[in-house]
Amino acid sequence: MQLEGKNVLITGGTRGIGKCMIQELVKGGVSKIAVIVRDQQNLKQLSQEFEGVKFLKIVGDVANIEVLRKAAARIEDKWGHLDILINNAGIVSAGPLEEIQDEDVYGQVAINLTAVLLLTKYCIPLLKSSKEAAVLNISSGLGLIGMPFYSVYGSTKAAVRQFSDSMRRELAPFNISVTCSFPTATDTDMMHKFKGREMDSPEFVAERSLKSLLNKESQVIFGGKERLNENRLNFEAPEEFDKKVAQNYEERKKASLDHKAV
Ligand SMILES: NC(=O)c1ccc[n+]([C@@H]2O[C@H](COP(=O)([O-])OP(=O)(O)OC[C@H]3O[C@@H](n4cnc5c(N)ncnc54)[C@H](OP(=O)(O)O)[C@@H]3O)[C@@H](O)[C@H]2O)c1
């Protein structure tokens, strides 16, 4: 698959990995990008930064079902079809489960998961109208291994993985590929709290995730060999992995306490 001339819808394009993906899309020859953005000011900034792009602008929160419906309706109206859907917007509220505010439980599920399910649902007829379509869902390494203090975030991201597998198989007869990306710690606002730690750059994650989409790969897992080994251990011998995690339980708890990016 080539990027040139494709019509793309992306959520969470104002910052971090999403903004780097817009950069990559533009580099690859995309000039029609639909964005769902909750802040007018950010929208203005995007238009100024990417002058050559004809943004189809949908203002609103992805947790609002009407915003998602409007996005699909506007695309149908303006373009008639969609080639690439990128479900990227996400938030995190970490900590021991009993300390996570109920609103933050609902918020993470609504933004990280429900919005992905519904936006994909509304976009399917548009993707079916494309000659060659693709969906890219941004999950997380925490969607592959359930870590303490990331129970809600990790659950939403694990569900994105499952959803991606289901949709890949469901949409295969329509020539719509589905790729799921599993970034590890990436240097964006979401990880502001951990500044100074070694992390992947958002440029790298964006470039590599889009490459996987173009190659129609089912998944891309970041974090190298070490992460792959951890995933294997967690799957084959979860009790062994429990012991590893228990060794730095307090450290992990402390680090999670004010990890909130919403
Ligand atoms: N950074 C990491 O270490 C890491 C690791 C694994 C997975 N991920 C995943 O990668 C994706 C991108 O994360 P990031 O690190 O680039 O995060 P980020 O820098 O915090 O950016 C988040 C983006 O999502 C948008 N967004 C959040 N809530 C929204 C809502 N309710 N409606 C519309 N847009 C909303 C934000 O828009 P505003 O500008 O309006 O806030 C922003 O554009 C997320 O799904 C995240 O879970 C990140």
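Report on the accompanying structure.

About the thresholds
- Residues numbered from 1 in each chain as written.
- Predicted model: local features only at pLDDT ≥ 70, side-chain atom pairs only at ≥ 80, totals over all residues.
- Heavy atoms only, no water.
- Buried < 20%, exposed > 50% of the residue type's maximum accessible area, 1.4 Å probe, protein only.
- Helix = DSSP H or I, 4+ residues; strand = E, 2+ residues; numbered from the N terminus.
- Pairing = 2+ DSSP bridges.
- Phe/Tyr/Trp six-rings, centres within 6.5 Å; stacked < 30°, edge-to-face > 60°.
- Lys NZ or Arg CZ within 6 Å of the ring centre and 35° of its normal.

### Brief notes about the pairing of strand 1 (residues 7-11)
- Among the five residues in strand 1, five count as buried, and that is most of the element.
- Of the two faces of strand 1, the one holding Asn7, Leu9 and Thr11 and the one holding Val8 and Ile10 are both buried throughout.
- By the bridge criterion, five bridges tie strand 1 to strand 2 (residues 32-37) in an arrangement that is parallel. Paired with Thr11 across the bridge in strand 2 is Ile36.
- The pairing of strand 1 with strand 4 (residues 84-87) spans three bridges and is parallel. Opposite Ile10, over in strand 4, you have Ile86 as the bridge partner.

### Regarding the packing of aromatic side chains
- Evaluation of the coordinates by the stated rule reveals three aromatic pairs.
- Relative to Tyr249, the ring of Phe149 has its centre 5.2 Å away and its plane inclined at 70°; by these criteria the two rings are edge-to-face. Residue Phe149 is found in the loop between strand 6 (133-138) and helix 5 (151-171), and its partner Tyr249 is found in helix 9 (residues 249-256); the two are separated by 100 residues along the sequence.
- The buried category is assigned to Phe149, whose relative accessible area is 8%.
- Both rings, one in Phe204 and one in Phe222, keep their centres 5.6 Å apart while their planes meet at 85°; by these two values the pair is edge-to-face. Here Phe204, found in helix 6 (residues 202-214), pairs with Phe222, found in the loop between strand 8 (219-221) and helix 7 (224-236); they are 18 residues apart in sequence, far enough to count as distant.
- Its relative accessible area of 40% is what places Phe204 among the partly exposed residues.
- The ring of Phe174 carries the charged tip of Lys128 above its face, separated from the ring centre by 4.1 Å.

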